[in-house]
Amino acid sequence: MSTAELATSYAALILADDGVEITADKIQTLIKAAKVEDVEPIWASLFAKALEGKDVKDLLSNVGSGGAAAAPSAGGAAAAGGAAAEEKAEEKVEEKEESDEDMGFGLFD
């Protein structure tokens, strides 16, 4: 990460930790107060838009738990459904190969 990205990330984390709304102006103010040079305002805008309406503390405490919780709750039904979907996918691949042959030309014709 570049210095600009790190400074912007840390500023957003500081605002979230204080319970203050994360805006581009507040991020830019923190960056200037920290005397970090060469941070373009676009970084503050990008981070502010990305974090708009999100609870940063909640995002940090749930890192890595996004997709893992859904898989165990599905149980055996997901395994059976996955096998059926895999068979259908294989059938589609075979049908496509057959349709190429039906056209009357092949790779070496």
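The name given to the protein chain in an unreviewed UniProt entry is Large ribosomal subunit protein P1, with the source organism recorded as Sordaria macrospora. UniProt's Subunit (unreviewed entry) comment on the protein chain is quoted here verbatim: "P1 and P2 exist as dimers at the large ribosomal subunit."

Undergrad: I'm lost on the nonpolar core in this one. Help?
TA: Generally speaking, nonpolar side chains in soluble globular proteins are found buried as a group. If you look at the biggest cluster of nonpolar residues, it comprises 15 residues, and the most contacted ones within it are Ala-12, Ile-22, Ile-27, Ile-31, Val-39, Leu-51 and Val-56. At the level of secondary structure, the elements contributing two or more residues to this core comprise helix 1 (3–18), helix 2 (24–33) and helix 3 (41–51). In terms of residue count, the dominant contributor to this core is helix 1 (six residues). In this structure Ala-12 touches Ile-22, Ile-27 and Leu-51, once residues within four positions along its chain are discounted.

Definitions and cut-offs
Residues numbered from 1 in each chain as written. Predicted model: local features only at pLDDT ≥ 70, side-chain atom pairs only at ≥ 80, totals over all residues. Heavy atoms only, no water. UniProt positions renumbered as here; feature names shortened; annotations may be inferred. Core = buried A, V, L, I, M, F, W, Y, C linked by side-chain atoms within 4.5 Å. Buried < 20%, exposed > 50% of the residue type's maximum accessible area, 1.4 Å probe, protein only. Helix = DSSP H or I, 4+ residues; strand = E, 2+ residues; numbered from the N terminus. Contact = heavy atoms within 4.5 Å.

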